[in-house]
Amino acid sequence: MKSQVAGGPVAQLVGIAKSFAHNRVLDDVTLTLEAGRVHVLAGENGAGKSTLIKVLTGIEPQDAGDILIDGRPVEFNGPGDARALGIAVVHQELSLVPDLTVADNLMLGVEPRHRGGRLDFRSARENAVAALNRVGASLSPGVRVGQLSVGEQQLIEIARALSEDPRLLVLDEPTAALSQKEAGHLLGIVEELRAQGLAILYISHRMEEIHRLADHVTVLRDGHVADSMPRADMSEDRIVTSMVGRPVNDLYDHGRGSAQGEVRLSVRGLRSGVVQETSLEVRAGEVVGLAGIVGAGRSELCRLIAGFDRADGGEVTVDGQRVDIARAGGAAGADIAMLPESRKAQGLFLGMSIADNVCMGTALAKRRFGGTSPSRLRTAAKPLADRLRVRATSLDQPVGELSGGNQQKVLLARCLAKKPTVLILDEPTRGVDIGAKADIYGLINDIATQGVAVILISSELPEVLGMSDRVLVMHQRRIVAELTGKDMTEEHIVRYATGLVRKQVEPVEVNS
Amino acid sequence: MNDIVAAEHERAVDSSRPTAPKRMRLHAGLSTLADRLGVAIALIVLVVLFALVAPYFLTVVNLLDVARQISVTAILGAGLTFVIMTAGIDLSVGSAVGVTAFAAVSLTLDGAPAPLALAVALLAGFAVGLINGVLVAKLGLAAFIVTLAALTYLRGVTYVGTGGTTMFSTHLSYSVLGQGSVLGIPVPIVVMAAVFAIGWYVLERTVFGRWVHAVGGNAEAARLAGIPVRRVLVTVYVISGLCAGIGGILSSAKLQSAVPDLGTGYELSAIAAVVLGGTSLMGGRGSLIGTLVGAAIIGVLVNGLTLLDVSSFYQQIIQGVVIVMAVGLDRLRTRNAVTEGA
Ligand SMILES: Nc1ncnc2c1ncn2[C@@H]1O[C@H](COP(=O)(O)OP(=O)(O)OP(=O)(O)O)[C@@H](O)[C@H]1O
Ligand SMILES: [Mg+2]
C-alpha cells in the first residue's frame, strides 16, 4: 500500500463531514494530496476551507469520513499526532507568542538543549537564523515578536512550519498579510518545496497565485466540493463561477467621477518616534491609496491620524477644524474611523456576538440612559451585516466562530456604523473572497460618492491602483512619491516603495 | 455568557428554519438547556442529595436561612463579577466590609441618624473602589497588588478605628436591615435580589455593560473602538466597593455591632462563587446569574453538611473539593464550545 514514489498520494481525505452544533460546515469532501504537487483549495469566506484543514491537521475531529496517510487510515487525537506524521501547517490566524523573541517563537517546543536540559542558546539562535533565511526574512532573532508587523510575523510562522521538515505542508492564506514582494518571494519558496517533493495544500483567494502555483484546484462551496480540476482544465472563470455561483467581472471598475471636492482631511507635519514628518491631504469623495512595503510605516502613519497612537507633533484638521490628536478620542470625535490592521488583536471581541461587535463603540442601539438589548443590537447591526453579506447562522453567533473573511466584514461594518467623514482602511480585503471583495469595493465607492474622504492602505497593487484616485508611496517611514493619472503604474509604485528611485543600494530593512 | 449567546443563537436558527425536523429542534433545545444550566445542575444535585438524607433541609425556614446566610457573599460576588469580567480582581472586598461596617456603627453610636450613617458607609465603599480603580486604571498598577494592599490597610484602619474591640449597640437604629423581613422574607435576601436585578440590568442591558464585556474580551480592540477603557475599569472597582459597602451595612445590622475582623476571608468565598458561576478569570466571559448559583452552591453545602453534623474541619475539605470538581466539570463541558474561530 505504501506509495513513496513522487506523485503518489501522501494524504487523502475521503468523504469528510463536520458540523458545529447543528451547522453543517463540511459535507462529503474528498481530495487527494500528492507528493511534488500543489493542491489549491479555493472557496468563498465560510465555505469550510479552514475547517477542512483543522480536520486534516488533527485540531478538529471529523464527524464522518477518513483521513488516509500513505494509504493507511489514521486517527488523530490532536495536532501532535498529525505533526508526527509529517503534516505541518501555517494557520490563517497568527499563533505566535508576542512577548517572546523571534528565536524563542521559532524554537518553541523544539528547543535545543545541552546535556542536562539546559537551553542551548547558541544553537537556538543559529537554528532560528537558518529558519529565517529559508523564508528570506532578514529579521533579528532577538526582537520581540509583538513589535513586528503582521507581515513579518507571518514569515516567522512559515519559517516555523518549515523547520519541522514536513512531508505535507498546509498553508492557509499565507500571503494574505504580505506585501507583493514578500508574497512573490513566498511563492518562490513554495515552488522550490514542490520541486523537493513536498505535497502542498494551499489556500488562497488570490487568482494570480492560484494561476501560478496550482497543479490541481478544488473549489469548496457551502462545505461540499463544487468543482475540482487539474491544471490543464483550469480557468479563472471556471474557478470564480463555481466559487461564487455567479460570474464576477470588472472588480475595480469604480465608475466614480474624478473627485474634486473640498479638502476634508489635512495632515501637516505629523510625526512620531516611528513616522517621519508627513503631510497629506484628502478631498471629500477622494480615495487616496497608500502603498509601500510592509514596515514602510503606512499603518503607523494612519494610526497617528486616527488617534490610535500619540503623535509627537504636527496637526490634523478635518473640514478645517483642528483635531485634538493629543486627547484620546479626539480623532473619533472628529469622525475619523479606522479599520485596524489586525482584526483579532486590535478589532474584534471574539466571545461576543456579531451584533455586539458591529455596534461596539458606536452610537447604534442605544436607548435613553445608556440602555440596550440584544434585539436592539440585532436590529441595528442587521442592515450593515446584510450589506456586507456576513455569513453566519445568526447575528447572535459569537464572532470567534466565523470564518476569517467574515470576521473582517464584521469589523468593516463597525467602521461604517460610525458614519465617518474620514475613513481609513488598513488592508480591508485581507482574507476576503473574490465575491466579497467586489462587495467591499462597491461599498468604498458608495461612501466616497457620499463625500467621505478615504485612505486605503493595501499591499495588493491591483487593488490600490484600481480603487484610488491618487496613490501615495511610503518608503522608510515617510511619503516619497505621489502618483496620479498615468503615473499610477505597478512599476512606479514598486520602484518608489523599494527605494530604487533614489538610487540607494540599501537593504530593505525591516524595522520594528 | 457564552452559554446564553449560544442559546439565543440556537433559538434564532430554529425560528429562521421552520422546516427543520422537529426532533432535531427538540434535541437542540435540550442540549441548550443543559448548557445554560451548567453549574446549576451541580446545585440541583446537591439540593436533591441533602433533601434525601436530611429531611429538615428542604423546608421553607431552612432554605430562607440558607439564602440569608449567602446574601453578603453573593452581593460581594456581584460586584466582583464586574471586576473579574474585565480580567481584574478585587481582593479588598472583605476588608471593605469591615471598614464600612465600622463607619456605619460608629456614626450611629455617636448619634447620627440611620440614613446618614448608611450613606457614609456606602460612600466609604465608593471611595475604596475609586482608589483601587484609579490606581489600577490610571496608573496601570496590577490589580492583584493594589487590592491586596487595600485588603491590608483597610483592615488596619478598622482595627485602629474600633480600637481592636467589638463596637456593640443593643438598639442599632438600622438593625431592621439585618433582622427584619418584608412579607416574611428577610431583608438581606430582598437586598440581595435587588442588587442582582440591578446588576443584571447594568451588565446585560446597558451600553456600559457591553463595554465591560468588551474590555475584558479584548482591551486593545476596545480602546481602538473608542471605548473609554480606563473609565470602565474605574467604574467596575467602584461597583465592587459599593457592593462591599452594602455588605458591610447588612453584616453590621445583623450583628448589631462592628467586629474588628468582620469580613475577613469573605473575598475568598466571593471569588469562589464568581468562579463557580462560570465567570472566566481571564475576563470577557461571565454572568451574574452564574455568580448567584455559585454562591448558592457554597451556601447549600455548608448548610447541608452542618445539618448532617459534619465537623467544620471536614466541611472545609469538602468545600474545596466541590469547588474544584464543579469548575472542572464546567471546563470539560465548555472545552469544545469556545474554540478560536477560522
Ligand atoms: N468553532 C466553530 N463553531 C461554530 N461554527 C464554526 C466554527 N468554526 C467555523 N465555523 C463555521 O464554519 C463555516 C466555515 O468556516 P471556515 O473557517 O472553514 O471557512 P473558510 O472557508 O476558511 O473561510 P475564509 O475564507 O473566510 O477563511 C463558517 O460558516 C463558520 O461560521
Ligand atoms: Mg479560512
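Residues numbered from 1 in each chain as written. Chains lettered and ligands numbered in written order. Predicted model: local features only at pLDDT ≥ 70, side-chain atom pairs only at ≥ 80, totals over all residues. Heavy atoms only, no water.

With that settled, consider the overall build of chain A. Helix and strand counts for chain A come out as 17 helices and 20 strands. With the C-alpha coordinates of chain A rotated into their principal frame, the extents come out at 75 × 55 × 50 Å. Counting over 512 residues, chain A shows a buried share of 58%. Of all intrachain contacts in chain A linking residues separated by at least 6 positions in sequence, the fraction that spans at least 24 positions is 67%. Charged side chains of chain A number 59 positive and 65 negative; the gap between the two group centres comes to 4 Å. (Helix = DSSP H or I, 4+ residues; strand = E, 2+ residues; numbered from the N terminus. Buried < 20%, exposed > 50% of the residue type's maximum accessible area, 1.4 Å probe, protein only. Contact = heavy atoms within 4.5 Å. Lys, Arg positive; Asp, Glu negative; His and termini not counted. Charge placed at Lys NZ, Arg CZ, Asp CG, Glu CD.)

Our next topic: the pattern of salt bridges. Side-chain pairs of opposite charge can arise whenever the charged atoms involved come near each other. Residues and elements named next belong to chain A. Counted according to the given criterion, the structure contains 31 salt bridges over all chains. One salt bridge in this structure joins Glu460 and Lys437, with 3.2 Å as the shortest N-O distance. Placement of Glu460 in the loop between strand E18 (453–457) and helix H16 (461–467) and of Lys437 in helix H15 (residues 434–449) is noted, with a sequence separation of 23 residues between them. Its relative accessible area of 9% is what places Glu460 among the buried residues. Here the salt bridges share partners, and the residues they tie into one network are Glu44, Arg221, Asp222 and Arg391. (Salt bridge = Lys/Arg side-chain N within 4 Å of Asp/Glu carboxyl O.)

Side chains of residues three or four places apart in an α-helix project in the same direction, reflecting 3.6 residues per turn. All names here are of chain A. Between its terminal C-alpha atoms H15 stretches 22 Å, which fits the 22 Å expected from 16 residues at 1.5 Å a residue. Counting buried residues in H15 gives twelve out of 16 residues, a clear majority hidden from the surface. Turning to H15, its buried residues number three or more, namely Ile434, Gly435, Ala436, Lys437, Asp439, Ile440, Tyr441, Leu443, Ile444, Asn445, Ile447 and Ala448. For H15, the side-chain oxygen to backbone nitrogen distance between the N-cap and Gly435 is 2.8 Å, and the N-cap itself is Asp433. Count one or two residues on from H15 and you reach Gly451, which has phi positive near 100°. (Expected span 1.5 Å × (residues − 1). Polar contact = N/O pair within 3.5 Å; in protein donor to acceptor, adjacent residues only side chain to side chain.)

Note on sheets: strands pair through backbone hydrogen bonds, and any given pair is parallel or antiparallel. Residue and element names in this part refer to chain A. Taken in spatial order, the six strands make up an open sheet running E6-E7-E8-E3-E9-E10, and their pairing is mixed. The strands lining the two open edges of the sheet, one partner per strand, are strand E6 (87–90) and strand E10 (224–230). Geometrically, the sheet is characterised by an average inter-axis angle of 15° between neighbouring strands, direction not taken into account. Where strand E7 (residues 168–172) and strand E8 (residues 199–203) come together, five bridges link them in parallel fashion. When the bridges of E8 are listed, Leu168 appears paired with Ala199. Contacts from helix H8 (residues 236–244) reach strand E3 (38–43), strand E9 (216–221) and E10 within the one sheet, and its direction differs from that of E9 by about 20°. (Pairing = 2+ DSSP bridges. Axes fitted to C-alpha atoms, helices over the stretch in contact; angles between N-to-C directions.)

On to helix H4 (residues 121–134) of chain A. Residue and element names in this part refer to chain A. Taking 1.5 Å per residue as the helical rise, H4 with its 14 residues ought to reach 20 Å, and the 20 Å between its terminal C-alpha atoms agrees with that figure. Taken together, the buried positions of H4 are occupied by Ser123, Ala124, Ala128, Ala131 and Leu132. Structurally, H4 contributes buried residues whose contacts are with helix H3 (102–107) and helix H5 (150–162). Count one or two residues on from H4 and you reach Gly136, which has phi positive near 65°.

With respect to spatial proximity, 21 residues lie near ligand 1, and among them A:Gly46, A:Lys49, A:Ser50, A:Thr51 and A:Gly405 are the closest. In this structure ligand 1 sits where residues from chains A and B come together. In the model, an oxygen atom of ligand 1 is placed 3.0 Å from a nitrogen or oxygen of the A:His205 side chain. Burial of ligand 1 by the protein chains amounts to 95% of its free accessible area of 640 Å². Listed by contribution, the elements that provide at least two residues to the shell around ligand 1 are helix H1 (49–56) and helix H14 (404–417) of chain A. Per-element accounting of the shell around ligand 1 gives the leading share, three residues, to H1(A). Considered class by class, the residues forming the shell around ligand 1 number five nonpolar, twelve polar and four charged. Three or more residues apiece are contributed to the shell around ligand 1 by two domains, here domain 1 (9–244) and domain 2 (263–497) of chain A. (Near = heavy atom within 4 Å. Areas by Shrake-Rupley, 256 points an atom, 1.4 Å probe, with all protein chains shown as cover. Nonpolar A, V, L, I, M, F, W, Y, C, P; charged D, E, K, R; others polar. Domains from an automatic or database assignment.)

Another point: the domain arrangement of chain A. Often, the extent of an interface is quoted as the loss of accessible area on bringing the components together. All names here are of chain A. What the domain assignment lists for chain A is domain 1 (9–244) and domain 2 (263–497). On a C-alpha basis, the centroid separation for the pair domain 1 and domain 2 is 29 Å. Facing the 25 residues of domain 1 at the interface are 26 residues of domain 2. Taking both sides of the interface into account, the surface hidden between domain 1 and domain 2 amounts to around 2,000 Å²; carbon and sulfur atoms contribute 50%. Linking domain 1 with domain 2 are three salt bridges. The salt bridge partner of Asp222 is Arg391, with a shortest N-O separation of 2.0 Å. Along the contact surface separating domain 1 from domain 2 lie three residue pairs in polar contact (both at pLDDT 80 or more). Elements supplying a minimum of two residues to the side of domain 1 that touches domain 2: H5, helix H6 (180–195) and H8. Grouping the constituent residues of the side of domain 1 that touches domain 2 by class yields eight nonpolar, ten polar and seven charged. (Buried area = accessible area lost by both parts, 1.4 Å probe.)

Below, the discussion takes up the environment of A:Glu164. Residues and elements named next belong to chain A. Mapped onto the fold, Glu164 is located in the loop between H5 and E7. Residues Glu164 and Ala291 lie 127 residues apart in sequence; the distance between their C-alpha atoms is 34 Å. Aside from chain neighbours lying at most four places away, what touches Glu164 is Arg83 and Ala88.

Residue and element names in this part refer to chain B. Among the surface-exposed residues, Leu122, Leu123, Phe126, Leu130, Val134 and Leu242 lie close enough to one another that they form a single nonpolar patch of about 450 Å² accessible area. At five residues, the largest contribution of residues to the nonpolar patch is made by helix H6 (residues 114–138). Positionally, Val134 belongs in helix H6. (Patch = residues over 30% accessible without salt bridge, like charges linked within 9 Å, V, L, I, M, F, W, Y side chains within 5 Å.)

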